[in-house]
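Structural overview for review
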Amino acid sequence: LYYLTYIVQMLYKIIKIKKEGCFMEDKMLYNVKEVSKCLGINIHLVYALIRKGLLPALKLGSIKVRRASLESFISKYEGMDLSDLDNITELKVID
């Protein structure tokens, strides 16, 4: 779960990725590998987010995440520290 600390740091990067085409306008569902690429985390962390109920998903052949759910997750947890999924707190920036 160590890499979850990078989720918040990746939020700004995601905005850049979004502009570069990570989110395809005509694509409604993303598999876990695609979500991990968009968030800049490994697939195990994506599964942990789904397991904890932080990132809504569905199973349609394999686990999928709606584009709207992914965008909502990014907005909802901006500025939050997701290092410990059982104790999500406001991000404290350390210089």
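Details of the structure are given in the entry above.
A few points on the structure. Just so it is clear, the model here is predicted, and its values are computed rather than measured. (Residues numbered from 1 in each chain as written. Predicted model: local features only at pLDDT ≥ 70, side-chain atom pairs only at ≥ 80, totals over all residues. Heavy atoms only, no water.)

1. Description of the side chain of Lys64
Note the following rule: Only runs of H or I of at least four residues qualify as helices and only runs of E of at least two qualify as strands under DSSP, and these elements are numbered from the N terminus. Here a polar contact is taken to be a pair of N or O atoms separated by no more than 3.5 Å, where protein atoms must pair a possible hydrogen donor with a possible acceptor and residues adjacent in sequence count only if both atoms sit in side chains. In what follows, a contact means two residues having at least one pair of non-hydrogen atoms within 4.5 Å.
Mapped onto the secondary structure, Lys64 falls in strand E3 (residues 62–66). A distance of 3.1 Å separates a polar atom in the side chain of Lys64 from the backbone oxygen of Leu60. Once you skip the residues sitting within four places of it in the chain, Lys64 turns out to touch Leu29, Tyr30, Asn31, Ala57 and Leu58.

2. Some points on the environment of Glu34
Our working rule: With a 1.4 Å probe rolled over the protein chains alone, any residue whose accessible area is under 20% of its type maximum counts as buried; one over 50% counts as exposed, and the rest are partly exposed.
Mapped onto the elements, Glu34 comes out in helix H2 (residues 32–39). On the basis of relative accessible area, Glu34 is assigned to the partly exposed category, the value being 24%. In this structure, the C-alpha to C-alpha distance between Glu34 and Val46, residues 12 residues apart in sequence, is 10.0 Å. Among residues more than four places away in sequence, those in contact with Glu34 are Lys27 and Leu29. Only 2.5 Å separates the side chain of Glu34 from the side chain of Lys27, close enough to count as a polar contact.

3. A look at the packing of aromatic side chains
Our working definition: Aromatic pairing here means that ring centres of Phe, Tyr or Trp (its six-membered ring) are within 6.5 Å. Orientation follows from the plane angle: under 30 degrees is stacked, over 60 is edge-to-face, and everything else is tilted.
Scanning the entire structure with this criterion turns up one aromatic pair. On the numbers, 5.1 Å between centres and 45° between planes, the contact of Phe73 with Tyr77 is tilted. Pair check on accessibility: Phe73 and Tyr77 agree, each one buried.

4. What about the packing of H2 against helix H4 (residues 67–76)?
Keep this limit in mind: Only the stretch in contact is used when a helix axis is fitted, and all axes are lines through C-alpha atoms; the angle between N-to-C directions ranges over 0 to 180 degrees. Should the near helix be turned counterclockwise from the far one by less than a right angle, the crossing is left-handed, whereas a clockwise turn marks it as right-handed. In this classification, Asp, Glu, Lys and Arg are treated as charged, Ala, Val, Leu, Ile, Met, Phe, Trp, Tyr, Cys and Pro as nonpolar, and every other residue, Gly included, as polar.
Interhelical geometry of H2 versus H4 gives an angle of 35° and a closest axis separation of 12 Å. Note that H2 runs across H4; the crossing there is right-handed. Along the contact surface, H2 presents Val35, Cys38 and Leu39, while H4 presents Leu70, Phe73 and Ile74. Per-class residue counts for the contact of H2 with H4 are six nonpolar, no polar and no charged.

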